[in-house]
Amino acid sequence: AAPRFATMEEFREAHADNEPLLRQLRNRVLICATCKKPNAYTMKSCNACDSPLSGIEESVNDNIFMGFIYGVAKGRFPYAISTRAETEDYLAFDDPLGVTVCHLCVIPTSTFCPDIRFLFADP
């Protein structure tokens, strides 16, 4: 299906009065001072260059998975995926940054899960 929104910014403008939805569009990150890679805000060292992340101010970047789910065409780069399966409850696709030939991502679409720790708290 064709994207419903051209950009993440267009989606934000269309839903400006829905703060819970807008929060889903943001990832909390720590940007590595050495290599500039965004890392999860819970990381102690960069998972690209192993530089320490202590003292780095938390920031946010676009949650591209939510872009896929809500039909956004692009953020800072085009949101193009190779869909493997899709139902009302999940979306499965080839990982855009996969490092093996069979690296899939599966994300829930019927509920919002901020990070993996929530799966352990209430599976």
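Now for a look at the structure at hand. Remember, it's a predicted structure, so these values are computed and weren't measured experimentally.

### Overview of the overall build of the protein
Inference 1: Scanning the protein from terminus to terminus reveals 4 helices and 8 strands.
Inference 2: Out of the 123 residues in the protein, the part that is buried amounts to 24%.
Inference 3: Long-range contacts, defined as pairs at least 24 residues apart, comprise 38% of the intrachain contacts of the protein with a sequence gap of at least 6.
Inference 4: When the accessible surface of the protein is summed, it comes to about 8500 Å², and 55% of that surface belongs to carbon and sulfur atoms.
Inference 5: For the protein, the separation between the mean place of its 12 positive charges and that of its 16 negative charges on side chains is 6 Å.

### Topic: the packing of aromatic side chains
Two aromatic rings, taken as a pair, are described by how far apart their centres are and by the angle between their planes.
Inference 1: Scanning all chains against the criterion turns up 7 aromatic pairs.
Inference 2: Relative to Tyr70, the ring of Phe11 lies with its centre 5.1 Å away and its plane at 25 degrees, an arrangement referred to as stacked. Of this pair, Phe11 sits in helix α1 (residues 8-14) while Tyr70 sits in helix α3 (residues 64-70), and the two are 59 residues apart along the sequence.
Inference 3: Residue Phe11 is classed as buried on the basis of its relative accessible area, which comes to 1%.
Inference 4: Aromatic pair Phe65 and Phe93: ring centres 5.7 Å apart, planes at 55 degrees, arrangement tilted. Of this pair, Phe65 sits in helix α3 while Phe93 sits in strand β7 (residues 90-94), and the two are 28 residues apart along the sequence.
Inference 5: Positioned above the aromatic ring of Tyr41, the side-chain terminus of Arg28 is 3.7 Å from the ring centre.

### Brief notes about the sheet that holds strand β8 (residues 104-108)
What links the strands of a sheet is backbone hydrogen bonding, and the strands pair in either a parallel or an antiparallel sense.
Inference 1: As summarised here, the arrangement of the 3 strands in space is β6-β7-β8, forming an open sheet in which the pairing is antiparallel. Where the open sheet ends on each side, the last strands, each with one partner, are β6 (83-86) and β8. The mean inter-strand angle of the sheet, taken between neighbouring strand axes irrespective of direction, is 15 degrees.
Inference 2: The pairing of β7 with β8 spans 5 bridges and is classified as antiparallel. The residue bridging Ala92 from the neighbouring strand is Val106, located in β8.

### A word on a nonpolar patch on the surface
Inference 1: A surface patch of nonpolar side chains, amounting to about 360 Å² of accessible area, comprises Ile116, Leu119 and Phe120.
Inference 2: Along the polypeptide, Leu119 turns up in helix α4 (residues 117-121).

### Thoughts on the pattern of salt bridges
Inference 1: Within the structure shown, the criterion is met by 5 salt bridges.
Inference 2: Between Glu9 and Arg12 there is a salt bridge, with the nearest N and O atoms lying 3.7 Å from each other. Remark: Arg12 and Glu9 occur in helix α1; sequence separation between them is 3 residues, near one turn of the helix.
Inference 3: For Glu9, a relative accessible area of 44% translates into the label partly exposed.

Cut-off values and rules
Throughout, residues of each chain are indexed from 1 in the direction in which the sequence is written. Where local features are concerned, this predicted model is filtered to residues with pLDDT of at least 70; where side-chain atom pairs are given and counted, the filter is 80 or more; whole-chain, interface and lining totals use all residues. The side-chain numbers reported here are obtained from all heavy atoms of the structure, hydrogens and water having been left aside. Secondary structure elements are taken from DSSP: a helix is a run of H or I of four residues or more, a strand is a run of E of two residues or more, and numbering for both begins at the N terminus. The classification of residues rests on relative accessible area computed with a 1.4 Å probe and restricted to protein chains. Under 20% of the type maximum is buried, over 50% is exposed, and intermediate values are partly exposed. Throughout, a residue-residue contact means that at least one pair of heavy atoms, one from each residue, lies within 4.5 Å. For the area figures, the Shrake-Rupley method with a 1.4 Å probe applies, and any residue is considered shielded solely by the protein chains shown. The positive count covers Lys and Arg only, the negative count covers Asp and Glu only, and His and the chain ends enter neither. We put the charge of a Lys on NZ, of an Arg on CZ, of an Asp on CG and of a Glu on CD. Two rings from Phe, Tyr or Trp (for Trp, the six-membered ring) form a pair when their centres are within 6.5 Å of each other. A pair whose planes differ by under 30 degrees is stacked, one over 60 is edge-to-face, and the rest are tilted. By definition, being over a ring means that NZ of Lys or CZ of Arg is both within 6 Å of the ring centre and within 35 degrees of the ring normal. For two strands to be treated as a pair, DSSP must find at least two bridges joining them. Axes here refer to lines fitted to C-alpha atoms; in helices the fit is confined to the stretch in contact. Angles between the N-to-C directions go from 0 to 180 degrees. Think of a patch as exposed residues, more than 30% relative accessible area, with no salt bridge, where like charges cluster within 9 Å and nonpolar side chains (Val, Leu, Ile, Met, Phe, Trp, Tyr) cluster within 5 Å. When a carboxyl oxygen of Asp or Glu lies within 4 Å of a side-chain nitrogen of Lys or Arg, that pair is called a salt bridge.

Remember that the coordinates give geometry; whether it matters functionally is a separate question.
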